[in-house]
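Structural features, examined
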Amino acid sequence: MKTEIMLALYRYLKKDFSEENQLKQIQMLRTILEINQDVVRKSISQIEDHEPDIISFPMLGKGLKLVREGQEPQVIETILINTAFANDVDLLESLLVLEGVSSIQMLRSADVTKELLLSYFSFSMQDHLRRNLLDLQLDFSQPLNKNELSEILKGIKKGKSWFEETKPDS
């Protein structure tokens, strides 16, 4: 995010360091990571499956709706920043939403998104959150199964790439 935007957000948005607000932002962080993981694994349409989860996060809902509609990243960022200012949204919530929506739109891996979002918290809070996010199982480094390996090897023997071998006939 551009430095000028960060400074404007920091200067003009409220900063709520209450335990209640931090717990709310942690729940939103979990929601963003779950949505991110589903979108990367399946498709952007997975956002719709999470509508009940984002009802309590209107700014996040607005951003994800814009992603679903296929809006450009700069347009989404501008709309979200304007929304944050107009509705006096908390600084931490604004930053998490901007970064999370951007990551979902860019189809970043959930592991990278997690690190980006955690970077807005103190080191001690990051360690605590990492331990509490283990249940999300955000590891995408699973090895290929035997069938996938077999298909790739067949394609190599035939002189075709795996993609050419598995794409549907036109």
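Since the model is a prediction, treat every value here as computed from it, not as a measurement.

Focus on the confidence of the model for the protein
Taken as a whole, the protein shows an average pLDDT of 81; of its residues, 78% reach a score of 70 or greater. When pLDDT is averaged over each helix and strand of the protein, the minimum, 40, is found for helix α10 (residues 162–166) and the maximum, 95, for helix α4 (residues 58–68). Residue range residues 139–145 is modelled with pLDDT below 50. Its contacts to residues more than four positions away, or to other chains, number nine contacts. Contacts for the low-pLDDT stretch residues 160–170, under 50 throughout, to residues beyond four places or in other chains number seven contacts.

Examining the environment of Asn 21
Relative to the helices and strands, Asn 21 resides in helix α2 (residues 19–41). A C-alpha to C-alpha distance of 8.9 Å links Asn 21 and Glu 93, two positions 72 residues apart in sequence. For Asn 21, the residues in contact, after removing those within four places along its chain, are Asp 16 and Asp 90.

Considering the side chain of Thr 113
By the secondary structure assignment, Thr 113 is in helix α7 (residues 110–118). For Thr 113, a relative accessible area of 0% translates into the label buried. Here the side chain of Thr 113 touches Asn 36 through a polar contact of 2.5 Å, side chain to side chain.

So, the packing of aromatic side chains
Throughout the structure, instances matching the rule amount to one aromatic pair. With centroids separated by 6.5 Å and ring planes inclined at 75 degrees, the aromatic side chains of Tyr 12 and Phe 85 adopt a geometry described as edge-to-face. Here Phe 85 lies in helix α5 (residues 73–86) and Tyr 12 lies in helix α1 (residues 3–12), a separation of 73 residues in the sequence. According to the relative accessible area criterion, Tyr 12 is exposed, its value standing at 55%. Here Phe 85 falls in the partly exposed class, since its relative accessible area comes to 35%.

As for the nonpolar core
In a soluble, globular protein the nonpolar side chains are often hidden away together inside. In terms of nonpolar packing, the biggest core is built from 37 residues, with Leu 29, Leu 60, Leu 64, Val 101 and Phe 121 touching the most fellow members. Breaking this core down by element, the ones donating at least two residues are α1, α2, α4, α5, α6 (91–106), α7 and α8 (123–132). Excluding residues that lie within four positions of it along the chain, Leu 29 makes contacts with Leu 96, Leu 117, Leu 118, Phe 121 and Leu 133.

Considerations on α4
Of all the residues in α4, the buried ones are Met 59, Leu 60, Gly 61, Gly 63, Leu 64, Leu 66 and Val 67. On the buried face of α4, the contacting elements are α2, α3 (51–54), α5 and α6. Trailing α4 by a residue or two, Gly 70 shows a phi angle of about 85 degrees, which is positive.

Quick word on the packing of α2 against α7
For any two helices packed against each other, one specifies the inter-axial angle together with the distance between the axes. One way to put it is that α2 packs onto α7 with a least axis distance of 9 Å and a crossing angle of 160 degrees. Here α7 runs roughly antiparallel to α2, going by the angle between their axes. Both α2 and α7 take part in a crossing whose hand is right-handed. Contact residues: Leu 29, Ile 32, Leu 33, Asn 36 and Gln 37 in α2; Ala 110, Thr 113, Lys 114, Leu 117 and Leu 118 in α7. In terms of residue class, the contact of α2 with α7 is built from six nonpolar, three polar and one charged.

Quick notes on the rules
Residues numbered from 1 in each chain as written. Predicted model: local features only at pLDDT ≥ 70, side-chain atom pairs only at ≥ 80, totals over all residues. Heavy atoms only, no water. pLDDT = per-residue confidence, 0-100. Helix = DSSP H or I, 4+ residues; strand = E, 2+ residues; numbered from the N terminus. Contact = heavy atoms within 4.5 Å. Buried < 20%, exposed > 50% of the residue type's maximum accessible area, 1.4 Å probe, protein only. Polar contact = N/O pair within 3.5 Å; in protein donor to acceptor, adjacent residues only side chain to side chain. Phe/Tyr/Trp six-rings, centres within 6.5 Å; stacked < 30°, edge-to-face > 60°. Core = buried A, V, L, I, M, F, W, Y, C linked by side-chain atoms within 4.5 Å. Axes fitted to C-alpha atoms, helices over the stretch in contact; angles between N-to-C directions. Parallel < 35°, antiparallel > 145°, perpendicular 65-115°, else oblique. Left-handed = near helix turned anticlockwise from the far one by under 90°. Nonpolar A, V, L, I, M, F, W, Y, C, P; charged D, E, K, R; others polar.

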